[in-house]
Amino acid sequence: MSGQDEQKPIGVGLIGFGTIGTGVVKVLRDNAEVIEQRLGSRLRLVRIADLDLDTDRGVDLSGIVFDADASALIADPDVQIVIELIGGYDVPRKFILEAFAAGKHVVTANKALLALHGREIFGAAASASVEVAFEAAVGGGIPVLRSLREGLAANQIETVLGILNGTTNYVLTEMESTGEDFDVVLKRAQELGYAEADPTFDVEGIDAAHKLALMTTMAFGAEITFEDIPTTGIRGLLPIDFELAAQFGYRIKLLGIAKCHRSEDGQERIEARVQPTLVRDSSLLAKVDGAMNAVLVIGNAVGPTLYYGAGAGEMPTASAVVGDLMEIAREIRRGGSGPVPPLSYFPEQIGPKPFVPDAELSGRHYLRISVKDQPGLLGRVTSLLGDEAVAVETAMVRSANGSDSIILLTGVAAEDGMQRAIVRIVELDEVTEMPRVIRIEEEA
Ligand code: HSE
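Brief notes about the overall build of the protein
Okay, step 1: Helix and strand content of the protein: 14 helices and 16 strands.
Okay, step 2: Relative to its length of 444 residues, the protein is compact, with a C-alpha radius of gyration of 24 Å against a globular reference of 22 Å.
Okay, step 3: Dimensions along the principal axes, computed over C-alpha positions, put the protein at roughly 80 × 55 × 35 Å.
Okay, step 4: Residues classed as buried in the protein amount to 53% of the 444 residues present.
Okay, step 5: For the protein, the proportion of contacts with a sequence separation of at least 24, taken over those separated by at least 6, is 74%.
Okay, step 6: As displayed, the protein offers around 18600 Å² of accessible surface, 50% of which is attributable to carbon and sulfur atoms.
Okay, step 7: Each charge class in the protein was averaged separately, 40 positive and 65 negative side chains, and the resulting centres sit 2 Å apart.

Written as structure tokens, this is what we have:
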């Protein structure tokens, strides 16, 4: 490098050579020059480990050791930073802990692991005085975690809300615009490389809950796992839901929502959920289509901020992984500049916080209730809702999926009242399946 001392390259090992791993190799090769200019050193991919040694990934691997031995990669003295891109829980957990024990820094995109075993992983990294970076775990290529940790660090965060899963956003967008079946569209999302190895995680909202759990900790210092977050997926939505949502002036988006309710005496309580949601068709989130993600973060000083970009896929996710590599490489070059807590709070500041009870939460809802022999039933359903103080603003009967459906838009009502009313509606003989309840989120 002209004008600077030649710096030793920083050695990198990659465990997991799938879609994102291939993207990482491409970014490191295609952008080597700009990376070196910004870093003052080269990032050298020394080794790759994967069980599949046969598939041609279409990238040049000359000069890189490629075998199935992840432990040898971790132990290699030329590897200073280990990238974990395997996915799943047990195997990556073992390799990450092995890397920390060997004094290696780790970059991972594994939100599932961090959302379940975060306390152990972050604790082990701190004990070993190494870095763990995970920007790619949320929002694909969007640097939203770095914004929460650094750019917004001065704020009391009030709300984190967004479209956190590219696969489901792609499926919802395509179902709405083409009228195609759910399974056909999901298969296409998998072929495009958006979906998790197990697409159930995407479809059932679990991947979004993993990401929301991480952001809830980073935003509010709340100790939470994805299992604490009430989660509903997108399976079972019908074309009529999209059609009527549009008629009412809304679009359907799978949202992850986390809010911190602060009382005057300083008590903090958390509201968090993942569910299909009706958002106003004029809102910015309604315009986020395909595999794009968008996250709205509201801070008490900064106000609303919005982060938008590709939430899944080979190159966007690789962008975040290599960005993390560079951040750690800068630390290495500086000789370590002191701890930057990866979760934005120091571990002793993170603790359990109570959830706001459903009785204190309220909202408007869209209800689709499949029924048989519906004459007169609308009045009884409306009356059951009324018993729980749920007012009906709009009501209609439509044919959908071979049976009649009662469609309702409610006024603002307490969550617990709505849930009690649904239990009573399901008990009616004429109701043929669990009603579809979609919350309306005006704040989005
Ligand atoms: N399966 C995930 C998604 C990948 O569709 O958003 C990115 O985290």
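Here the narrative resumes.
Here's the deal with the pairing of strand β1 (residues 10-15)
Okay, step 1: Burial runs high along β1: six of the six residues are buried.
Okay, step 2: Alternating positions in β1 separate into two faces, I10, V12 and L14 on one and G11, G13 and I15 on the other, with burial throughout.
Okay, step 3: Where β1 lies against strand β2 (residues 43-49), six bridges are found, and the strand directions are parallel. When the bridges of β2 are listed, I10 appears paired with L43.
Okay, step 4: As paired strands, β1 and strand β4 (residues 81-84) are joined by four bridges and run parallel to one another. Note that in β4 the partner of I15 across the bridge is E84.

Observations concerning the domain arrangement of the protein
Okay, step 1: Each assigned domain of the protein is listed with its residue range as follows: domain 1 (3-140 + 315-349), domain 2 (150-310) and domain 3 (358-440).
Okay, step 2: Its C-alpha centre places domain 1 at a distance of 27 Å from the equivalent point of domain 2.
Okay, step 3: Taken together, the contact between domain 1 and domain 2 spans 20 residues of the former and 21 residues of the latter.
Okay, step 4: Of all residues in domain 1, K111, A115 and V138 give up the largest surface area on contact with domain 2, accounting jointly for 31% of the area buried on that side.
Okay, step 5: The salt bridge partner of E223 is R119, with a shortest N-O separation of 2.8 Å.
Okay, step 6: Taken together, the connections running from domain 1 to domain 2 amount to four residue pairs in polar contact (both at pLDDT 80 or more).
Okay, step 7: Among the elements of the structure, α5 (111-127) and α12 (314-334) are those that each provide at least two residues to the side of domain 1 that touches domain 2.
Okay, step 8: Per element, the largest residue contribution to the side of domain 1 that touches domain 2 is six residues, and it comes from α5.
Okay, step 9: The residue inventory of the side of domain 1 that touches domain 2, partitioned by class, reads 12 nonpolar, five polar and three charged.

As for helix α7 (residues 166-178)
Since the α-helix packs 3.6 residues into each turn, any two residues three or four apart lie on the same face.
Okay, step 1: With 13 residues, α7 ought to run about 18 Å at 1.5 Å a step, and its terminal C-alpha atoms sit 18 Å apart, in line with that.
Okay, step 2: Counting buried positions along α7 yields 10 of 13 residues, so the element is predominantly enclosed.
Okay, step 3: For α7, the complete set of buried residues consists of G166, T167, T168, N169, Y170, V171, L172, T173, E174 and M175.
Okay, step 4: Buried residues belonging to α7 abut β7 (157-163), α8 (182-191), α9 (200-203), α11 (239-248), β8 (250-262) and β10 (292-299).
Okay, step 5: Its side-chain oxygen at 3.2 Å from the backbone nitrogen of T167, N165 defines the N-terminal cap of α7.

Focus on the packing of aromatic side chains
Okay, step 1: Under the counting rule described, the total for this entry stands at three aromatic pairs.
Okay, step 2: Ring geometry for F17 versus F66: centroids 5.4 Å apart, planes at 90°, classification edge-to-face. With F17 in the loop between β1 and α1 (19-30) and F66 in strand β3 (residues 65-67), this residue pair connects regions lying 49 residues apart in the sequence.
Okay, step 3: Judged by its relative accessible area of 24%, F66 is partly exposed.
Okay, step 4: Taken together, a centroid distance of 5.6 Å and an interplanar angle of 65° make the contact between Y170 and Y194 edge-to-face. Highlighted residues: Y170 in helix α7 and Y194 in the loop between α8 and α9, separated in sequence by 24 residues.
Okay, step 5: We classify Y170 as buried; its relative accessible area is 10%.
Okay, step 6: The residue whose ring lies beneath R149 is F134, and the NZ or CZ to ring-centre distance is 5.6 Å.

What counts and what doesn't
Residues numbered from 1 in each chain as written. Predicted model: local features only at pLDDT ≥ 70, side-chain atom pairs only at ≥ 80, totals over all residues. Heavy atoms only, no water. Helix = DSSP H or I, 4+ residues; strand = E, 2+ residues; numbered from the N terminus. Rg over C-alpha atoms; globule rule 2.2 N^0.38 Å. Buried < 20%, exposed > 50% of the residue type's maximum accessible area, 1.4 Å probe, protein only. Contact = heavy atoms within 4.5 Å. Areas by Shrake-Rupley, 256 points an atom, 1.4 Å probe, with all protein chains shown as cover. Lys, Arg positive; Asp, Glu negative; His and termini not counted. Charge placed at Lys NZ, Arg CZ, Asp CG, Glu CD. Pairing = 2+ DSSP bridges. Domains from an automatic or database assignment. Buried area = accessible area lost by both parts, 1.4 Å probe. Salt bridge = Lys/Arg side-chain N within 4 Å of Asp/Glu carboxyl O. Polar contact = N/O pair within 3.5 Å; in protein donor to acceptor, adjacent residues only side chain to side chain. Nonpolar A, V, L, I, M, F, W, Y, C, P; charged D, E, K, R; others polar. Expected span 1.5 Å × (residues − 1). Phe/Tyr/Trp six-rings, centres within 6.5 Å; stacked < 30°, edge-to-face > 60°. Lys NZ or Arg CZ within 6 Å of the ring centre and 35° of its normal.

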